[in-house]
Amino acid sequence: MTNPSGIGLERDASDEAEGRAAFSAESPLKPEWAFVFQLRQGTSFTADTICGRIEHVVSGQACLFDSLEQARSFMELVMTHGSPQL
């Protein structure tokens, strides 16, 4: 797989096939589903210790997080309820 900068990303072949099935090229990338992550300097890239700030692009709602689960929960709340109660 190649990202927009042209740098190759290594993935397992089964992950690649699963990704194509779940998210086809026909699924639009709408701004309503866009989030920006800002990571703290020196953060560890593990699910339990990654920390930073996430912002929903369209609404401007933002949240600090100190685990991948907190960031995921914020995205879910914004997308299902509009205004998170964190």
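Everything here concerns the structure above.
Let me sum up the structure you'll find in this document.

1. A look at the nonpolar core
Part 1 of the argument: In this structure, Phe-35, Ile-50, Ile-54, Cys-63, Phe-65, Ala-71, Phe-74 and Val-78 together form the largest nonpolar core, which totals eight residues.
Part 2 of the argument: Looking at this core, the elements that each hand over two or more residues are β3 (62-65) and α2 (68-81).
Part 3 of the argument: With three residues, α2 is the single largest residue contributor to this core.
Part 4 of the argument: Sequence-distant contacts of Ala-71, defined by excluding residues within four places in its chain, comprise Phe-37, Ile-54 and Phe-65.

2. Here's the deal with the pairing of strand β2 (residues 52-56)
Part 1 of the argument: Burial along β2 is one-sided: Gly-52, Ile-54 and His-56 are buried, while Arg-53 and Glu-55, pointing the other way, are not.
Part 2 of the argument: Where strand β1 (residues 35-39) meets β2, five bridges bridge the pair, whose relative direction is antiparallel. Opposite Leu-39, over in β2, you have Gly-52 as the bridge partner.
Part 3 of the argument: Relative to β3, β2 runs antiparallel, the two being bridged by four bridges. Of the residues in β3, the one forming a bridge with Arg-53 is Leu-64.
Part 4 of the argument: Taking the residues that link successive antiparallel strands as the turn, the β2-β3 hairpin has five residues, and the phi of Gly-60 there is positive, at about 80°.

3. Quick word on the sheet that holds β1
Part 1 of the argument: If you walk across this open sheet you meet the three strands as β1-β2-β3, and the pairing is antiparallel. Both outer strands of the open sheet, β1 and β3, are each paired with one neighbouring strand and no more. Averaged over neighbouring strand pairs, the angle between their axes works out to 20° when direction is ignored.

4. A word on α2
Part 1 of the argument: A rise of 1.5 Å per residue sets the reference length of α2, with its 14 residues, at 20 Å; its end C-alpha atoms lie 20 Å apart and thus fit the reference within 8%.
Part 2 of the argument: For α2, the complete set of buried residues consists of Ala-71, Phe-74 and Val-78. The buried residues of α2 occupy one face: seen down the axis, they fall within an arc of 60°. Exposed side of α2, more than 90 degrees from the buried face: Thr-80 and His-81 are the residues found there.
Part 3 of the argument: For α2, the elements touching its buried residues are β1, β2 and β3.
Part 4 of the argument: Downstream of α2 by a residue or two, Gly-82 has a phi angle that is positive, lying close to 85°.

Conventions we followed
Residues numbered from 1 in each chain as written. Predicted model: local features only at pLDDT ≥ 70, side-chain atom pairs only at ≥ 80, totals over all residues. Heavy atoms only, no water. Core = buried A, V, L, I, M, F, W, Y, C linked by side-chain atoms within 4.5 Å. Buried < 20%, exposed > 50% of the residue type's maximum accessible area, 1.4 Å probe, protein only. Helix = DSSP H or I, 4+ residues; strand = E, 2+ residues; numbered from the N terminus. Contact = heavy atoms within 4.5 Å. Pairing = 2+ DSSP bridges. Axes fitted to C-alpha atoms, helices over the stretch in contact; angles between N-to-C directions. Expected span 1.5 Å × (residues − 1). Arc of directions from axis to C-beta.

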